[in-house]
Amino acid sequence: MSYSKKPLGQMSNDLANRIRDLERKNSFLHSELERVNRERIEYLQNVSHQLVAPLNAIKWHIENLTSGRVTLERAKKVLRSIYSQSTLAVHLAKNFGLMSNLDADHALTALKEPLETVNLHRLLINLADDFQPLGWDKGLGISVEDESLAKAPDVLAMRPLISQVFSNIIENAVKYSDRDSKIMIDGSHDATNHTVSVTVTNKGIPLMAEEVAKIFDRGYRTKEAKNLYPAGTGFGLYIARRIVEIHEGRIAAYPDDSGRATFEVTLSVRGLEGKARQIAAKDSSPYRR
Ligand SMILES: Nc1ncnc2c1ncn2[C@@H]1O[C@H](COP(=O)(O)OP(=O)(O)OP(=O)(O)O)[C@@H](O)[C@H]1O
Ligand SMILES: [Mg+2]
């Protein structure tokens, strides 16, 4: 056993300093815990608020249909709305599931999916069809340019996750577009770098160049987005960025002077080249369709 040679007074001073230090750390951890809890509650409130809206709309439409007082023409419209509100509810539920995984420390390993060949042109046509009814009320058109995207090769990717990336970008475009405008989806193949890039362009709420770096952060929303849709979580683009990073791809936003915003996602035709490949290959996750 070794004994300290410090005098007793000095030792009690050291001890008092150490206790003060621990108290400071403890109080910091305590306030961090409170902050995380507050964020969690706020997030759950937002989630429930966002999910309740389309579900209530569906309920209301069904009540309307079963009243027996609607004409055939009206019934068709109501069914279209039921379809689009269900699309939105499924989209939101998938984001919330992904978010609980991304929030955890084991973020990367929680998102294991087998890699498969994904035809981005087909995937985007299906998503555009899914989201088109949501844009009808605003007179929005969503078009997928056939020219170069149709000729691009398939990419190797985790299909349900990549689908959610574009779902988040397209849902934003629908939500934030001006009335009677067009959402354009296009793409190109870079044979030298073995990548396919997809762009989604819309015209709507302003996006400043200085905000671009922040919109992919967890929870960041611009003032205009908050005014238009107070219940948003600001997690859509964060989820998209994380998924693209897992794929070792790139995601970026380019606003222009005419008020348009273009979101670009670049993915490798060859799939994951680095360490994420081994993680992805191991086994499957609950996010299969
Ligand atoms: N097409 C767009 N045009 C202009 N700004 C956009 C566009 N897409 C996203 N943004 C901006 O980026 C922010 C972050 O987007 P993100 O999808 O992460 O969150 P959100 O749409 O606000 O909320 P949530 O996705 O939970 O509904 C938005 O709040 C908005 O300010
Ligand atoms: Mg969003």
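Residues numbered from 1 in each chain as written. Chains lettered and ligands numbered in written order. Predicted model: local features only at pLDDT ≥ 70, side-chain atom pairs only at ≥ 80, totals over all residues.

Details of the site of ligand 1
Logical step 1: Residues in close proximity to ligand 1 total 21 residues, the closest being Arg221, Thr222, Ala225, Gly232 and Gly236.
Logical step 2: Breaking the shell around ligand 1 down by element, the ones donating at least two residues are helix H5 (159-176) and helix H7 (236-246).
Logical step 3: Residue contributions to the shell around ligand 1 peak at 4 residues, all from H5.
Logical step 4: A breakdown of the residues in the shell around ligand 1 according to their chemical character gives 11 nonpolar, 9 polar and 1 charged. (Near = placed C-beta within 6 Å. Helix = DSSP H or I, 4+ residues; strand = E, 2+ residues; numbered from the N terminus. Nonpolar A, V, L, I, M, F, W, Y, C, P; charged D, E, K, R; others polar.)

Overview of the sheet that holds strand E5 (residues 195-203)
Picture the strands of a sheet paired through backbone hydrogen bonds; they go either parallel or antiparallel.
Logical step 1: Pairing in this open sheet of 5 strands is mixed, and the strands run E2-E4-E5-E7-E6 from one edge to the other. Every interior strand has two partners, whereas the edge strands, strand E2 (141-144) and strand E6 (250-255), have only one. Geometrically, the sheet is characterised by an average inter-axis angle of 15° between neighbouring strands, direction not taken into account.
Logical step 2: Where H5 meets the sheet, it contacts strand E4 (182-190), E5 and strand E7 (260-268), and its direction lies at approximately 15° from that of E5. (Pairing = 2+ DSSP bridges. Axes fitted to C-alpha atoms, helices over the stretch in contact; angles between N-to-C directions. Contact = placed C-beta atoms within 7 Å.)

Things to note about the environment of serine 188
Logical step 1: Position of serine 188 relative to the elements: it lies in strand E4.
Logical step 2: C-alpha of serine 188 to C-alpha of threonine 266: the two residues are 78 residues apart in sequence and 9.3 Å apart in space.
Logical step 3: When near neighbours in sequence (up to four residues on either side) are disregarded, serine 188 contacts Ser148, Ala152 and Ser197.

Considerations on H5
Logical step 1: Across its 18 residues, H5 extends 26 Å between first and last C-alpha, which sits within 8% of the 26 Å expected from 1.5 Å per residue.
Logical step 2: Across the 18 residues that make up H5, a large majority, 16, are buried. (Expected span 1.5 Å × (residues − 1). Buried ≥ 20, exposed ≤ 12 C-beta atoms within 10 Å, placed from the backbone.)

Describing the pairing of E6
Logical step 1: Both E6 and E7 contribute to a ladder of 6 bridges, which runs antiparallel. Note on E7: the bridge partner recorded for isoleucine 251 is valine 265.
Logical step 2: Connecting E6 to the next strand, E7, in antiparallel fashion are 4 residues, including glycine 259 with a positive phi near 90°.

Re the confidence of the model for the protein chain
Logical step 1: On average, residues of the protein chain carry a pLDDT of 86, and 89% of them reach 70 or more.
Logical step 2: Confidence drops under a pLDDT of 50 for residues 283-289, and excluding neighbours within four residues, the segment shows 13 contacts in the predicted structure. (pLDDT = per-residue confidence, 0-100.)

Some points on the environment of asparagine 56
Logical step 1: Relative to the assigned elements, asparagine 56 resides in helix H1 (residues 8-66).
Logical step 2: Considered as a pair, asparagine 56 and glutamine 85 are 29 residues apart in the sequence and their alpha carbons are 9.3 Å apart.

Some points on the packing of H5 against H7
For any two helices packed against each other, one specifies the inter-axial angle together with the distance between the axes.
Logical step 1: Two numbers describe how H5 lies on H7: the axes approach to 9 Å, and their chain directions differ by 150°. The interaxial crossing formed by H5 with H7 has left-handed handedness. Contact with H5, carried on its side by Leu161, Ile162, Gln164, Val165, Asn168, Ile169, Glu171 and Asn172, involves Gly236, Leu237, Ile239, Ala240, Ile243 and Val244 of H7 and no other residues of that element.
Logical step 2: When the residues that make up the contact of H5 with H7 are grouped by side-chain class, the tally is 9 nonpolar, 4 polar and 1 charged. (Left-handed = near helix turned anticlockwise from the far one by under 90°.)

Some thoughts on unusual backbone geometry
Logical step 1: With a phi close to 55°, aspartate 180 is a non-glycine residue in the positive phi region.
Logical step 2: Even without glycine at this site, glutamate 248 takes up a positive phi of about 55°.
Logical step 3: The exposure class of glutamate 248 is partly exposed, given the 15 C-beta atoms found within 10 Å.

Remarks on H1
Logical step 1: Taking 1.5 Å per residue as the helical rise, H1 with its 59 residues ought to reach 87 Å, and the 85 Å between its terminal C-alpha atoms agrees with that figure.
Logical step 2: Of all 59 residues in H1, 3 are buried; the element is thus mostly exposed.
Logical step 3: The set of residues buried in H1 consists of Gln50, Pro54 and His61.
Logical step 4: In the segment just after H1, glycine 68 is the residue with positive phi, at about 75°.

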